[in-house]
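Residue-level structural notes
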Amino acid sequence: MRYAQGGGLTPERQRFREGIRFEAGQRFERGEKTAAIARELRVSERSVERWRHAWRHGGMGGLASSGAAKLPKVSDGQFAALEAELARGPAAHGWEDQRWKKEVWPQVEL
């Protein structure tokens, strides 16, 4: 799976996973077993156990998404500049042919 820049899930995927946790929370309220919840929601039992723990300590609010795990290390502008430089190709950066070589990477000012 490829993650968005900076790692973690996209906002859409975060909302989807949050919905699964909320569904699990409703099942916790009904007293359903961990194994049954995991099987029907197609997640691991360990995930359901973690969610149940969060639900016991924080209710349905404890199952809410906490947002992105961390902020991106590269700004959108820097990422766009990097893509533009890569699109220019290796020859534009002093390489003999159109192959990037792993010995020494050229320094690009972003």
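Each remark here, short or long, concerns the structure printed above.
First, a word on what this report is: a plain description of the structure on this page. Each chain carries its own residue numbering, running from 1 in the direction its sequence is written. The predicted origin of the model limits local features to residues at a pLDDT of at least 70 and limits the giving and counting of side-chain atom pairs to 80 or more, whereas totals for whole chains, interfaces and linings rest on all residues. Just so you know, side-chain values use all the structure's heavy atoms and leave hydrogens and water out.

1. Overview of the environment of R42
For the purposes of this entry, the term helix denotes a DSSP run of H or I that reaches at least four residues, the term strand denotes a run of E that reaches at least two, and both are numbered from the N terminus. On the secondary structure map, R42 appears in the loop between helix 2 (34–41) and helix 3 (45–58). The cut-offs for exposure are 20% and 50% of the maximum accessible area for each residue type, with area from a 1.4 Å probe on protein chains only; residues under the lower value are buried, those over the upper are exposed, and the others partly exposed. Relative accessible area serves as the criterion here: at 77%, R42 is assigned to the exposed category. Counting along the chain gives 22 residues from R42 to I20, while the straight-line C-alpha distance between them is 9.7 Å.

2. Quick word on the nonpolar core
I20, A24, F28, I37, A38, L41, V43, V48, W51 and L63 together form the largest nonpolar core, which totals 10 residues. Listed by contribution, the elements that provide at least two residues to this core are helix 1 (11–29), helix 2 and helix 3. By convention a nonpolar core is built from buried Ala, Val, Leu, Ile, Met, Phe, Trp, Tyr and Cys residues, the set being connected through side-chain atoms within 4.5 Å.

3. Brief notes about the pattern of salt bridges
For salt bridges, the criterion is a side-chain nitrogen of Lys or Arg within 4 Å of an Asp or Glu carboxyl oxygen. Under the definition given, this model contains 7 salt bridges. In this structure, E40 engages R27 in a salt bridge whose closest nitrogen and oxygen atoms are separated by 2.5 Å. With E40 in helix 2 and R27 in helix 1, the pair connects residues that are 13 residues apart, well separated along the chain. Residue E40 is classed as partly exposed on the basis of its relative accessible area, which comes to 48%. R30 is paired through a salt bridge with E32; the nearest N and O atoms lie 3.0 Å apart. Its relative accessible area of 56% is what places R30 among the exposed residues. Note on E32: relative accessible area 23%, which makes it partly exposed. Ionic contacts of the salt-bridge type, sharing partners, join the residues E23, R27, R30, E32 and E40 into one network.

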